[in-house]
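Residues per chain, in single letters:
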Amino acid sequence: MALTKDQVKKVAKLANLPLSEEEITKFEGQLSETLKFIEELEQVNTENIEATPQVTGLSNITRSDETEPSLTQQEALQNAHSKEGNYFKVKAIFEGE
Amino acid sequence: MDLYKLTIKQAVEGLKKKEFSSEEITKSCLERIKTLEHKLNAFVTTLEEDAIKAAQRADEQIASGVEKVFLGVPFAIKDNFCTKGIRTTASSKLLDDFISPYDATVISKLKDAGIVILGKTNMDAWAHGSSTETSDYGSTKNPWNTDFLPGGSSGGSAAAISADQAIGSIGSETAGSIRQPASWCGVVGLKPTYGRVSRYGVIAMGSSLDCPGPIAKTVEDSALVLNVLAGVDKYDATSSPKEVEDYLKNLNNKIDGLTIGVSDDYFTGIEGEVKQKVEEALKQFEKMGARVKRIKLFDPKYAIAVYTILQRAEVSSNLARYDGIRYGFGRDKFGEEAKRRIMLGTYVLSAGYYDAYYSKAQKVRTVIVQDFDKAFKEVDVIIGPTSPTPALPVGASKNSSMFGELADILVEPSTIAGLPGISVPCGFTRNGLPVGMQIIGPQFSESQILNVAFRYEQATDWHLKKPDL
């Protein structure tokens, strides 16, 4: 199954990945190549087989809903490249208000 | 005395007996790092003053009688473990200036045990690889021959241990990233059962697969480290509440009557010398009273597809958080390999394809789990080569867009099933490159695979050989 340029662009948008035209062309080929490999799985009979999302057998591991110390505001902000005061600064989402 | 040559066990004993200080052994390692780094490039970040200060603090504690399992012992940490106040990059320029505000659980545990952190070791960026060549900070080289790769993704840790730049180290494995570089660098790599060691604070790759674990000079050192790392963690909902055993207890048990499973598929398409060394090792096991039994396992080729889908899908989700807002640079700073994996992962999870790929892969995962369950009714452990080849030359990873996943065919099935596996040296090729053998067991059988590995190690002298640096 080969991917089209449009499919690659759509996936890049979903993945929030900025790709150049060159990269898009490259990925067209590479993703198609990888898909060929994984299409082999169709040979395996999985009728009546349940999926295994993870192998621990654990589920619903919870803790009581109590607050406990976390990062300080300073720690949380220490790696931000764009901040103002005690806020992370990001591009405007709502325009023209 | 070349203190950098010591094992963890020897370092602990020597420090206790006051034969040398933590400052001395730490400085010895730092000197070794300085001497070799231009050849090996095993470290992304080396701590000089901080390591010496930590060593001095350890010495004060030792003097006042404080007892901690690894008090004063210098360790190298793979750069995907968050280390508080220390730069953590996962070998990606995207995190070039990220200073972690917290410690991963395994780091807290190791610090409580008293280690001195020497630095953060190089890896394939985001752990996406089996060569360390995809690091944004240059490839690490194999200490046995610097024209060759150390393997990956924990190549920096494996090289650092092999070259005696550190006394102990930790790495992580999603499919081979502990075992394979250990085999290419001639050291011991232990991937515990999934869930045995907490993933909290490890920069995530494949959340249903990632396993932190030791890369060490000897099997006993690996057991010592596992004793510290293992245990349930309230910050990791997939960590196992199963009680932690003492992994040293059964180390030296005799292995007469042990049944070793060998599957032909795991010996097909393997480089001749690798096959030969592992077969010689099996003869050694028979001499020690074990029995080798031929078994038929599910063809490992399907594991490649299952692993590729599950891993890349989970990668695409785990790397979504790197949006440059709270930390790190923009997503344009992802390298080619990361982008490739994110793209495929996003595709297999997208509407219309989820069932055909991701769901299907999870069902085949069940088939693989059941296949191993069946095998372990007939045998105690499964043994085979860790990697189809010995270390490959520098540049080898650039050939294929599936290099990592193809190179790891022999370790992917056990990883998908969450089983523990240990790689130990079992010889050298004619060119002097190490060959590794892996021992796989059922879930939570670390005690047994460590025992089998230890008995083999003690009956041979591979672990005493060092690269000529």
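Note that the structure is a prediction, hence the values are computed from the model and not measured.

(A) Summary view of the overall build of chain B. Along the backbone of chain B there are 14 helices and eleven strands. Computed over its C-alpha atoms, the radius of gyration of chain B comes to 21 Å, within 12% of the 23 Å expected for a compact globule of 469 residues. In terms of overall dimensions, chain B has C-alpha extents of about 60 × 60 × 45 Å along its principal axes. Counting only residues that meet the buried cut, chain B has 68% of its 469 residues in that class. Of the contacts formed within chain B by residues at least 6 apart in sequence, a portion of 76% connects residues at least 24 apart. For chain B, the computed accessible surface area is about 15400 Å², with 48% contributed by carbon and sulfur atoms. Where the 56 positive side-chain charges of chain B centre and where its 58 negative ones centre are 2 Å apart.

(B) Up close: the environment of Ile440 of chain B. Residue and element names in this part refer to chain B. Tracing the backbone shows Ile440 in strand β11 (residues 434–440). Using a relative accessible area of 2% as the deciding quantity, one classes Ile440 as buried. Taking the C-alpha atoms as reference, Ile440 lies 9.1 Å from Asp380; in sequence the two are 60 residues apart.

(C) Fine view of the interface of chain B and chain A. Opposite the 61 residues of chain B that make contact, chain A presents 49 residues. Taken together, both faces of the contact between chain B and chain A bury some 4700 Å²; the carbon and sulfur share is 66%. Summed over the shared surface of chain B and chain A, the number is four salt bridges. When residues of the side of chain B that touches chain A are traced back to their parent elements, those giving at least two are α9 (300–318), α10 (336–349) and α11 (355–378) of chain B.

(D) Up close: the nonpolar core. Residue and element names in this part refer to chain B. Within the largest apolar cluster, 155 residues are counted, with the highest numbers of intra-cluster contacts made by Phe70, Trp126, Phe285 and Ile422. Filtering out sequence-adjacent residues up to four positions away, Phe285 remains in contact with Ile255, Ile260, Ala290, Ile383, Met437, Val452 and Tyr456. In terms of nonpolar packing, the next biggest core, distinct from the first, is built from eight residues, Trp144, Leu149, Ala391 and Phe428 among them.

(E) Up close: the side chain of Lys360 of chain B. Mapping Lys360 of chain B onto the fold places it in helix α11. Despite being buried, Lys360 of chain B has no salt bridge partner; Glu42 of chain A is the closest side chain of opposite charge, sitting 8.0 Å away. Residues contacting Lys360 of chain B, with those up to four places away along its chain left out, are Leu41, Glu42, Val44 and Thr46 of chain A together with Asp355 of chain B.

(F) Seen up close, empty space enclosed by the protein. Residue and element names in this part refer to chain B. Tallied over the entire structure, the rule returns six cavities of 30 Å³ or more. When grouped by side-chain class, the residues that make up the lining of the largest cavity number six nonpolar, three polar and three charged. A volume near 60 Å³ is recorded for the second largest cavity. Ala127, Gly129, Ser130, Thr174, Ala175, Ser177, Met205, Tyr307, Arg341, Gly404, Glu405 and Asp408 together form the lining of the second largest cavity. Class assignment of the residues belonging to the lining of the second largest cavity gives a composition of four nonpolar, five polar and three charged.

(G) Quick peek at the packing of aromatic side chains. Residue and element names in this part refer to chain B. Tallying each qualifying case throughout the model produces 16 aromatic pairs over all chains. On the numbers, 6.1 Å between centres and 50° between planes, the contact of Tyr347 with Tyr357 is tilted. Residue Tyr347 is located in helix α10, and its partner Tyr357 is located in helix α11; the two are separated by ten residues in the primary sequence. Here the aromatic cluster, defined as three or more aromatic residues joined through ring pairs, consists of Phe98, Trp126, Tyr322, Tyr327 and Phe334. Its guanidinium or amino end placed over the ring of Tyr137, Lys93 lies 5.1 Å from that ring's centre, counting from NZ or CZ.

(H) Up close: the side chain of Asp210 of chain B. Residues and elements named next belong to chain B. In this fold, Asp210 is placed in the loop between β5 (188–191) and β6 (211–216). Within the local environment of Asp210, its side chain forms a polar contact with the side chain of Thr174, the two groups lying 2.6 Å apart. Polar side-chain contacts of Asp210 include one of 2.8 Å to the backbone nitrogen of Met205.

(I) Representation of the environment of Leu3 of chain A within the structure. Mapped onto the fold, Leu3 of chain A is located in the segment before α1 (5–14). Along the backbone, Leu3 of chain A and Glu22 of chain A are 19 residues apart, and their C-alpha atoms lie at a distance of 15 Å. The contacts of Leu3 of chain A, once residues within four sequence positions are left out, are Val8, Glu28, Leu31, Ser32 and Leu35 of chain A together with Tyr347 of chain B.

(J) Summary view of the layout of surface pockets. Considering only enclosed or pocket space, the largest pocket measures out at about 940 Å³ in volume. Taken together, 34 residues make up the lining of the largest pocket; nearest its centre are Leu71 of chain A together with Tyr102, Asp103, Tyr200 and Gly201 of chain B. Of all elements in the fold, only α3 (73–77) of chain A together with α4 (105–112) of chain B reach the threshold of two or more residues within the lining of the largest pocket. A breakdown of the residues in the lining of the largest pocket according to their chemical character gives 17 nonpolar, seven polar and ten charged. Size it by volume and the second largest pocket reaches roughly 420 Å³. Lining the second largest pocket are 28 residues, and of these Thr134, Glu336, Glu337, Arg340 and Ser397 of chain B sit closest to its centre. Counting residues per element, the ones that place at least two in the lining of the second largest pocket are α10 and α12 (403–407) of chain B.

Each value, and the rule that gives it
- Residues numbered from 1 in each chain as written.
- Chains lettered and ligands numbered in written order.
- Predicted model: local features only at pLDDT ≥ 70, side-chain atom pairs only at ≥ 80, totals over all residues.
- Heavy atoms only, no water.
- Helix = DSSP H or I, 4+ residues; strand = E, 2+ residues; numbered from the N terminus.
- Rg over C-alpha atoms; globule rule 2.2 N^0.38 Å.
- Buried < 20%, exposed > 50% of the residue type's maximum accessible area, 1.4 Å probe, protein only.
- Contact = heavy atoms within 4.5 Å.
- Areas by Shrake-Rupley, 256 points an atom, 1.4 Å probe, with all protein chains shown as cover.
- Lys, Arg positive; Asp, Glu negative; His and termini not counted.
- Charge placed at Lys NZ, Arg CZ, Asp CG, Glu CD.
- Buried area = accessible area lost by both parts, 1.4 Å probe.
- Salt bridge = Lys/Arg side-chain N within 4 Å of Asp/Glu carboxyl O.
- Core = buried A, V, L, I, M, F, W, Y, C linked by side-chain atoms within 4.5 Å.
- 1 Å grid on protein atoms, 1.4 Å probe; cavity = no way out; pocket = protein on both sides within 12 Å on 5 of 7 lines; lining within 4 Å.
- Points joined across faces, edges and corners; volume = space filled by probe spheres on them.
- Nonpolar A, V, L, I, M, F, W, Y, C, P; charged D, E, K, R; others polar.
- Phe/Tyr/Trp six-rings, centres within 6.5 Å; stacked < 30°, edge-to-face > 60°.
- Lys NZ or Arg CZ within 6 Å of the ring centre and 35° of its normal.
- Polar contact = N/O pair within 3.5 Å; in protein donor to acceptor, adjacent residues only side chain to side chain.

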